[in-house]
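An overview of the molecular structure
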Amino acid sequence: MIASQLEPTVIKSGDNVIIRMPSLNAKIVSLNPSKMVSLGKFGSFNASELIGKPFGHTYEIEKGGTIVPHTTAGFDNADITEANNKEIVDNPKSQKLTFEEIERLKTMSLAGDVSAKEIIASLTENNEAFDKKTEFSKSKYILRKQRKFMKSFVPLETSVFNLCSYFFEFNPGKIRGIRADTLSQILSLANVYSNARILAVDDGQGMIIGALLSRMAAGGQLLGIHDGDSSNYDVIRYMNLAADSRDLLQTLPWSKLYHTVEPFTEQLAENATADDKSGRERRMRGHAKLSDTIDNLRRGEFDALVISTNYNPKSVIERLVPFLGGSRMLVVYDQSKDVLLETFTWLRQSPEFLNVQLTESWLREYQVLPNRTHPLMNTSGGGGFILSAIHLAPVDKPSTSSASS
C-alpha cells in the first residue's frame, strides 16, 4: 500500500500564529476571524484572510485588508559578475528624491494609495549610484528597502522551535535564556518519548514543559512541580496543542510534595443552594485531582527528571530523585555554569549517579548560498549549560541474618 503524502499544515480559526514582519520583528496573535490584525506601519489585514492558508509563505497586505501571496527577491536572483563597488562613494546626494518627497511617499503608502514596490522602484530609479553597484549590492539595497517599506509578513507556526526562538530573541528572561538548540539537547538527553513518565521542574514559564508535551503528544504522563498554588506555564497557551495532549500534564505545588490526602468528607446542609452544590462538586473534583496527582508521584519510577529552577539545583534533586527510576536520566539546565558547579561536584562524588557531564551549548548560523557561504556577523553569546547524569537503581543492603548465613 502506498503511503499518502502529508497534507500541508494550514492556519485554522483560533490558532496562535507568530507574525514575522519585514523588519524582522515579530508578534504572536490569536486569529479571530471577525477582527483585524494590526502590524503598525506595515498595515492591517482581516484575520479571516489568513485562515485556510499554509504557514511559512509570504503574504502582502493590499488596500482594504486583503492579502495576496508575495515572492520576495533574494540573493539567489543575483548573477555573478566581474563588477565591483570600488567606484561608489557614500554620498547622500546620489538620491535625487528630497526628504519631503520620500516622506510624502511614506504617507501615501500608509493610506494604501501607493505600493511598496512603487516606492522602491522610485528610490532605485532616482539613485545615481544604483546602476554602478554589483548585482549582489543591488539585491542587498532592495532587501533593505523591502524591510523598511514592504507591507508584507510571514505567518509561522507556534512550534516548539519557533516559540523558543521567538522568546529567546525578544524576551529571553521569560524562558530563562534557553536557546532552541539547548532545548533539543535536553529532550534528547532525557530520552523523552511517547508513553513516557516524566517528572519536571520548569521555572521558565513552561517552555520546557511545553516541549516535553509536544514530544509526548501520543501518550504518557508529565508531572510538573511548581511554586505557588497554581502553575505559571504561560508558554503552553501559545502552543496549538490538542486537548488530549494538554491532559497529559499534571501539576503539583512544592507545598504538597509530602502532603497526605484525607478522604473527602464535606457534606451539604439541608437548605443548600445551587451555588453551594456547584461549589462542593468543584471542590470534590479538585480533591480527586490532587489525590490522583499525589498517587502518581508516590508510584515513582519516573523515566526522566528534567529541572530548570531558580532554586539551588542540588536541593531540588535531593527532594525529587527518590521518585526517579533506575538507569534513568537526570537533566538540569541553567543559564550560569557557576550555579551548576556545586551540583556537578556532588553528583560526581555520589554513588547514585553515573556518567555525570556538564556541557555548554554553542551555535553559529551560516548563510548558505552559491559562492557566498559564510558565518553570520551577529551570533548568540550563549544558550545555557546542561548538567546530565544517569541515576542508578538503589541496591537493597542484605539483612544481618542473610549476611551471617
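Below you will find a few notes about this structure. Note that the coordinates shown come from a computational prediction; the quantities given were computed from them, not determined experimentally. (Residues numbered from 1 in each chain as written. Predicted model: local features only at pLDDT ≥ 70, side-chain atom pairs only at ≥ 80, totals over all residues. Heavy atoms only, no water.)

Under the counting rule described, the total for this entry stands at 9 salt bridges. The salt bridge partner of Lys12 is Asp15, with a shortest N-O separation of 3.7 Å. Owing to a relative accessible area of 47%, Lys12 belongs among the partly exposed residues under this scheme. Arg179 is the salt-bridge partner of Asp181, the closest N and O atoms lying 2.6 Å from each other. Here Asp181 and Arg179 have matching classes, each one buried. (Salt bridge = Lys/Arg side-chain N within 4 Å of Asp/Glu carboxyl O. Buried < 20%, exposed > 50% of the residue type's maximum accessible area, 1.4 Å probe, protein only.)

Taken together, 5 strands build an open sheet; the order of strands is 2-1-7-5-6 and the sheet is antiparallel. With one partner strand each, in any of the chains shown, strand 2 (26-30) and strand 6 (67-69) form the two edges of the open sheet. Along the sheet, successive strands turn relative to each other by an average axial angle of 35 degrees, direction set aside. The pairing of strand 5 (residues 59-61) with strand 6 spans 3 bridges and is classified as antiparallel. Bridge assignment links Tyr59 to a residue of strand 6, and that residue is Pro69. Its contacts with the sheet place helix 4 (residues 160-170) against strand 1 (16-20), strand 2 and strand 7 (152-157), and it is angled at close to 130 degrees to strand 2. (Pairing = 2+ DSSP bridges. Helix = DSSP H or I, 4+ residues; strand = E, 2+ residues; numbered from the N terminus. Axes fitted to C-alpha atoms, helices over the stretch in contact; angles between N-to-C directions. Contact = heavy atoms within 4.5 Å.)

Turning next to the side chain of Thr343. Positionally, Thr343 belongs in helix 10 (residues 337-349). Engagement of the side chain of Thr343 in a polar contact is seen with the backbone nitrogen of Lys314, the distance being 3.4 Å. Beyond its immediate sequence surroundings of up to four residues, Thr343 is in contact with Asn312, Pro313, Lys314, Ile317 and Leu387. (Polar contact = N/O pair within 3.5 Å; in protein donor to acceptor, adjacent residues only side chain to side chain.)

Before going further, it helps to examine the sheet that holds strand 8 (residues 196-202). The strand order across the open sheet built from 7 strands is 10-9-8-11-12-16-13, with neighbouring strands paired in mixed fashion. The strands lining the two open edges of the sheet, one partner per strand, are strand 10 (249-253) and strand 13 (353-360). Neighbour-to-neighbour, the strand axes of this sheet turn through a mean angle of 15 degrees, independent of strand direction. Relative to strand 16 (residues 385-391), strand 13 runs antiparallel, the two being bridged by 6 bridges. Its bridge partner lying in strand 16, Thr359 is registered against Ile386. Here helix 6 (residues 207-215) sits on the sheet in contact with strand 8, strand 9 (220-226), strand 10 and strand 11 (302-308), set at roughly 165 degrees to strand 8.

This part is about the packing of helix 5 (residues 180-189) against helix 6. At their nearest, the axes of helix 5 and helix 6 sit 11 Å apart, and the two run at 55 degrees to each other. By the angle between their directions, the pair helix 5 and helix 6 is classed as oblique. Helix 6 is crossed by helix 5, and the crossing has right-handed handedness. Between helix 5 and helix 6, the residues in contact are Leu183, Ile186 and Leu187 and Met207, Ile208, Ala211, Leu212 and Arg215, respectively. (Parallel < 35°, antiparallel > 145°, perpendicular 65-115°, else oblique. Left-handed = near helix turned anticlockwise from the far one by under 90°.)

Another aspect to go through is the environment of Pro22. Locating Pro22 in the fold gives a position in the loop between strand 1 and strand 2. Residues Pro22 and Val154, 132 residues apart in the sequence, show an inter-C-alpha distance of 8.4 Å. Apart from residues lying up to four places away in sequence, Pro22 is in contact with Phe42, Gln146, Arg147, Met150 and Ser152.

Moving on to helix 4. Within helix 4, the full set of buried residues consists of Val160, Asn162, Leu163, Cys164, Tyr166 and Phe167. On its buried face, helix 4 sits against strand 1, strand 2, strand 7, helix 5 and helix 6.

In the structure shown here, the tally under the stated rule is 6 aromatic pairs. Look at Tyr166 and Phe167: their rings are 5.1 Å apart centre to centre, the planes differ by 75 degrees, and that puts the pair in the edge-to-face class. Per residue, the accessibility class of Tyr166 equals that of Phe167, and both read buried. Ring plane angle 55 degrees and centroid distance 6.2 Å describe the contact between Trp346 and Phe353, whose orientation is recorded as tilted. Taking the relative accessible area as the measure of exposure, Trp346 reaches 23% and is therefore partly exposed. Pairwise contacts between aromatic rings join Tyr166, Phe167, Phe170 and Tyr238 into one cluster. The ring of Phe302 has Arg197 sitting right over it, with the charged end atom 4.2 Å from the ring centre. (Phe/Tyr/Trp six-rings, centres within 6.5 Å; stacked < 30°, edge-to-face > 60°. Lys NZ or Arg CZ within 6 Å of the ring centre and 35° of its normal.)

Looking only at helix 9 (residues 313-320), the buried set comprises Pro313, Val316, Ile317 and Leu320. Buried residues of helix 9, viewed axially, fall in a sector of 100 degrees; they line one side. (Arc of directions from axis to C-beta.)

Moving on to the packing of helix 4 against helix 6. Orientation of helix 4 relative to helix 6, taken along the N-to-C sense of each, is 170 degrees, at an axis distance of 10 Å. By the angle class used here, helix 4 and helix 6 are roughly antiparallel. Where helix 4 approaches helix 6, its residues Val160, Leu163 and Cys164 are matched on the opposing element by Met207, Gly210, Ala211 and Ser214. A breakdown of the residues in the contact of helix 4 with helix 6 according to their chemical character gives 5 nonpolar, 2 polar and no charged. (Nonpolar A, V, L, I, M, F, W, Y, C, P; charged D, E, K, R; others polar.)

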